[in-house]
Amino acid sequence: MKKAEKRNKKRKIGYNQLGMLAIALIVLVLLAGLMMESRILEDRLTVYNTKAATLEEDIQAEKERTEEIEKLKKHMQTDEYAEEIARNKLGLVKDNEIVFEEEK
């Protein structure tokens, strides 16, 4: 009877060790999967951060263009701008000016 009990005890220990090994393998597989998923998420985060930086640069450039347009609009409402246009496009001069034209 003692031999049978020893065999049963050894089998139980063997099954316990086999079960612990199986659990350890499952944990390692799950850990590997989590590490791969983590790497994929880090790569996505890098891509999204790059896109966000590009969009912020585009927004800043658009703000600068808008400011330039506003400055130009204000300048176009001044008398200086009207005078520039009259001189350049229409060829007008002031009363005390002498105009020299190039020969063509």
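Residues numbered from 1 in each chain as written. Predicted model: local features only at pLDDT ≥ 70, side-chain atom pairs only at ≥ 80, totals over all residues. Heavy atoms only, no water.

1. Observations concerning the overall build of the chain
Of regular secondary structure, the chain possesses two helices and zero strands. Burial analysis of the chain (104 residues in total) assigns 1% to the buried set. Surface accessibility of the chain: about 10,700 Å² in total, with carbon and sulfur atoms responsible for 60%. (Helix = DSSP H or I, 4+ residues; strand = E, 2+ residues; numbered from the N terminus. Buried < 20%, exposed > 50% of the residue type's maximum accessible area, 1.4 Å probe, protein only. Areas by Shrake-Rupley, 256 points an atom, 1.4 Å probe, with all protein chains shown as cover.)

2. Notes on the pattern of salt bridges
It is possible for side chains bearing opposite charge to pair when their charged atoms get close. Under the defined criterion, the tally for this structure stands at six salt bridges. Asp43 is the salt-bridge partner of Arg39, the closest N and O atoms lying 3.8 Å from each other. Residue Arg39 and its partner Asp43 are both found in helix α1 (residues 2–76); the two are separated by four residues, about one turn of the helix. Of the charged contacts in the structure, one is a salt bridge between Lys94 and Glu83, with a shortest N-O distance of 3.6 Å. Taken together, the residues span a long stretch of sequence, with Lys94 in the segment after α2 (79–88) and Glu83 in helix α2 at a distance of 11 residues. Judged by its relative accessible area of 43%, Lys94 falls in the partly exposed class. A relative accessible area of 35% means that Glu83 is categorised as partly exposed. Each of Arg39, Glu42 and Asp43 takes part in salt bridges that share partners, so that together they form one network. (Salt bridge = Lys/Arg side-chain N within 4 Å of Asp/Glu carboxyl O.)

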